[in-house]
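# Summary of the model geometry
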Amino acid sequence: MIFQISLGLNFMAPTPLFTLIMGDFDISRGLVSLLIAVVSIVLTLFLLPGGFLISKIGSKRAMALSGVLMTAGLLAPLTDSFLVLVILRFVFGVGAAISIPTTSAIIMEWFKPSERPFLNGINEMGRAIGVSAGVSVAVPLANVVGWQMVFFFYATIPMVATVLWLAAARPSDHFEETGTEPSFRDNLPLIVNRNTLLIAVATVGPFALFIGYSSWLPTYYNEIQGMTTEKAGSIVAAMPLATAVATPLSGMLLSKLGRRKPVLFFTGLAFPLFALGSFLTSGTILPIVCVIALGILFALFIVTILTIPMELPGVTANKVGIVTAAALTIGNGTTVLSPIFIGSLTDFMNSYLPALSIVAILPIALLLATTFLPETGPKATVRN
């Protein structure tokens, strides 16, 4: 749980600080977006290697390694170079890329199939709490100690998690040993499997929307609607906070419902509606309602999409990390482009509306992917 909080806390840490960082380094919106995009780039490139790493060194060592790498922000106060800051974010991203598939493997090692949706919800709640806390606390903390120290204090959380993990974690007695080293060739059918690719397509819109809006809505509210940076950050922090509250409830709902596709259809239809409302409505109440709705929808979506790989035929604890990593790679690729796309198109057109509108309608792709996905829930017959 502390690892998940650490991941969310550090991932979105720069977003409310964009204005301060742009001022100190005299850089553009597109360039400062690299602080988020570089993490997404690394996730895209290293999720699959992270999945293979679990089979090579075991889940305990893999999670410990991810925790060490996620403490890279401890060095942020020692640099006055934007390039070095980007490199530190790169190192953090490698740790995050190892952590995500390792978490899926640990859930399959330790918990029964009926418990896994709820545990996916608990873990996503941790990440969402981290994102919410990171976005809401960053500006007040930066006003006291400076924005570089925000990175330092946030990096102490994965350091604590790593120490606790090394002291107390142990592998499950039920972990399935295959006795063979993982081979890319042997696992290629899992990676290019039709269902894996459909899950990957399903992640594109929601991931781009969540990361892109989390990155730029605070600055949009500040620059266009005249809100203070603190108020803008607090409004956008409601999105991951809503996700944090809704993810365990989503896991419980998913377990009771016994089906996965109705949830994906619902979220695919609702995402664009509330995304457009988050920036096209005026005042404070309606944007907050839309932002909270986006957080709840993302909770429903992410718990469902992380549960499906655990229910696919032939996927064991040794393999689920690879399937999850392969499925999330394309989605994380869109999170690379989303903040840069919004920032760069806004610079080019001198308006946030075109970029935010385009990203708002991307989750429609979720409807197409869901149409062809099999129903893996316990109340439906699973077909390959």
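Just so we're clear, the structure is a prediction, and the values are computed from it rather than from any experiment.

Right, let's talk about empty space enclosed by the protein for a bit. Following the criterion strictly, the structure yields four cavities of 30 Å³ or more and no others. In terms of lining residues, the largest cavity is bounded by 21 residues, among which Phe-11, Glu-124, Arg-127, Ile-211 and Phe-298 are the most central. Counting only elements with at least two residues in the lining of the largest cavity, the list comes to α1 (2-11), α4 (34-57), α7 (116-145), α10 (194-223), α13 (285-311) and α14 (317-349). The greatest single-element share of the lining of the largest cavity, amounting to four residues, is contributed by α7. A class-by-class count of the residues in the lining of the largest cavity yields 14 nonpolar, five polar and two charged. Every residue along the wall of the second largest cavity is listed here: Asn-10, Met-70, Ala-72, Gly-73, Ala-76, Leu-85, Leu-88, Arg-89, Phe-92 and Phe-151. In terms of residue count, the dominant contributor to the lining of the second largest cavity is helix α6 (residues 82-110) (four residues). Looking at the lining of the second largest cavity residue by residue, the classes come out as seven nonpolar, two polar and one charged.

Within soluble globular proteins, side chains that are nonpolar generally end up buried alongside one another. Counting 98 residues, the largest nonpolar core has Leu-17, Ile-21, Tyr-213, Leu-217, Tyr-221 and Phe-301 as its most contacted members. With residues up to four places along the chain from it excluded, the contact list for Tyr-213 reads Ala-208, Pro-218, Val-236, Met-239, Ala-275, Ser-278, Phe-279, Leu-294, Leu-356, Val-359 and Ala-360. Formed by seven residues, the second largest nonpolar core is a distinct cluster that contains Leu-53, Ile-54, Val-94 and Ala-105.

Attention now goes to the pattern of salt bridges. Considering all chains together, one arrives at one salt bridge under this definition. Note that Glu-311 and Arg-260 form a salt bridge whose closest N and O atoms lie 2.5 Å from each other. In this pair, Glu-311 sits in helix α13 while Arg-260 sits in the loop between α11 (229-257) and α12 (261-280), placing the two residues 51 residues apart along the sequence. Across the pair, exposure class does not vary: Glu-311 and Arg-260 are buried alike.

This part is about unusual backbone geometry. Although it is not a glycine, Asp-26 adopts a positive phi angle of roughly 55°. Structurally, Asp-26 is set in the loop between α2 (18-25) and α3 (29-32). Despite not being glycine, Asn-350 has its phi angle at roughly 55°, a positive value. Note on Asn-350: relative accessible area 71%, which makes it exposed.

Among the structural elements, Thr-203 can be located in helix α10. Accessibility expressed as a relative area gives 0% for Thr-203, which makes it buried. Once residues within four sequence positions are removed from consideration, Thr-203 is found in contact with Phe-301, Ile-305, Ala-327, Leu-328, Ile-330 and Gly-331.

Reading guide: rules and limits
Residues numbered from 1 in each chain as written. Predicted model: local features only at pLDDT ≥ 70, side-chain atom pairs only at ≥ 80, totals over all residues. Heavy atoms only, no water. 1 Å grid on protein atoms, 1.4 Å probe; cavity = no way out; pocket = protein on both sides within 12 Å on 5 of 7 lines; lining within 4 Å. Points joined across faces, edges and corners; volume = space filled by probe spheres on them. Helix = DSSP H or I, 4+ residues; strand = E, 2+ residues; numbered from the N terminus. Nonpolar A, V, L, I, M, F, W, Y, C, P; charged D, E, K, R; others polar. Core = buried A, V, L, I, M, F, W, Y, C linked by side-chain atoms within 4.5 Å. Buried < 20%, exposed > 50% of the residue type's maximum accessible area, 1.4 Å probe, protein only. Contact = heavy atoms within 4.5 Å. Salt bridge = Lys/Arg side-chain N within 4 Å of Asp/Glu carboxyl O.

Such coordinate-based values are descriptive only and should not be taken to indicate function.
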